[in-house]
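# Commentary on secondary and tertiary structure
Here's the letter readout for the chains.
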Amino acid sequence: MNREEVKNKVLNILEELSGTRPTSEDVQLISDLHLDSLRLVTLLVLIEEEFNIELNECDMNPFALIATGDVIDMTLKYVGGK
């Protein structure tokens, strides 16, 4: 799976959670998309389900994910995308 495919799926998940589709990888999860702590945790669960991966505990801190690009990069680490 390449970066664009991962990016598109992540953007779909973020749009589902926030009601707004991020327009760039710099869009902030909390301040721009208004994701609260529950939605950030839900984001991680949906990422695991969508990509059929299991995140390591070190990646399960939703507050370490600041922008859309952070979510994409984290997901790529697991799916082996380029």
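Attention here is on the structure that accompanies the text. Everything numeric here is computed off the predicted structure, so don't read it as measured data.

A few words now on the overall build of the protein. Counting its regular elements, the protein contains three helices and zero strands. Helices and strands in the protein line up, N terminus first, as α-α-α. For 82 residues, the compact-globule estimate of 2.2 N^0.38 gives 12 Å, and the C-alpha radius of gyration of the protein, at 11 Å, lies within 12% of that figure. Overall size of the protein, expressed as C-alpha extent along the three principal axes, is 30 × 25 × 20 Å. A total of 82 residues make up the protein; the buried ones form 39% of that total. Within the protein, contacts between residues separated by at least 24 positions form 57% of all contacts whose residues are at least 6 apart in sequence. About 4,700 Å² of surface is accessible on the protein, with carbon and sulfur atoms providing 48% of the total. If the 7 positive side-chain charges of the protein are averaged to one point and the 16 negative ones to another, these points end up 5 Å apart.

You can see T68 is positioned in helix α3 (residues 68-79). Overall, the relative accessible area of 0% leaves T68 in the buried class. Apart from the residues within four sequence positions on either side, T68 is in contact with L11, L14, P22, S24, E25, V27 and L29.

Attention now goes to unusual backbone geometry. Although it is not a glycine, H34 sits at a positive phi angle of roughly 60 degrees. Assignment of secondary structure puts H34 in the loop between α1 (3-18) and α2 (37-51). A residue is classified by how much of its surface remains accessible, and H34, at 58% relative accessible area, is exposed. Despite not being glycine, N52 shows a phi value in the positive range, around 55 degrees. Tracing the chain through its elements places N52 in the loop between α2 and α3.

It is worth spelling out the packing of α2 against α3 at this point. Across the interface, α2 lies against α3 with an axial gap of 11 Å and an inter-helix angle of 35 degrees. Helix-helix and strand crossings are classified by hand; for α2 and α3 the assignment is right-handed. Judged by residue contacts, L43, L44, I47 and F51 of α2 engage V71, M74, T75 and V79 from α3. Along the lines of polarity and charge, the residues of the contact of α2 with α3 split into seven nonpolar, one polar and no charged.

Parameters at a glance
- Residues numbered from 1 in each chain as written.
- Predicted model: local features only at pLDDT ≥ 70, side-chain atom pairs only at ≥ 80, totals over all residues.
- Heavy atoms only, no water.
- Helix = DSSP H or I, 4+ residues; strand = E, 2+ residues; numbered from the N terminus.
- Rg over C-alpha atoms; globule rule 2.2 N^0.38 Å.
- Buried < 20%, exposed > 50% of the residue type's maximum accessible area, 1.4 Å probe, protein only.
- Contact = heavy atoms within 4.5 Å.
- Areas by Shrake-Rupley, 256 points an atom, 1.4 Å probe, with all protein chains shown as cover.
- Lys, Arg positive; Asp, Glu negative; His and termini not counted.
- Charge placed at Lys NZ, Arg CZ, Asp CG, Glu CD.
- Axes fitted to C-alpha atoms, helices over the stretch in contact; angles between N-to-C directions.
- Left-handed = near helix turned anticlockwise from the far one by under 90°.
- Nonpolar A, V, L, I, M, F, W, Y, C, P; charged D, E, K, R; others polar.

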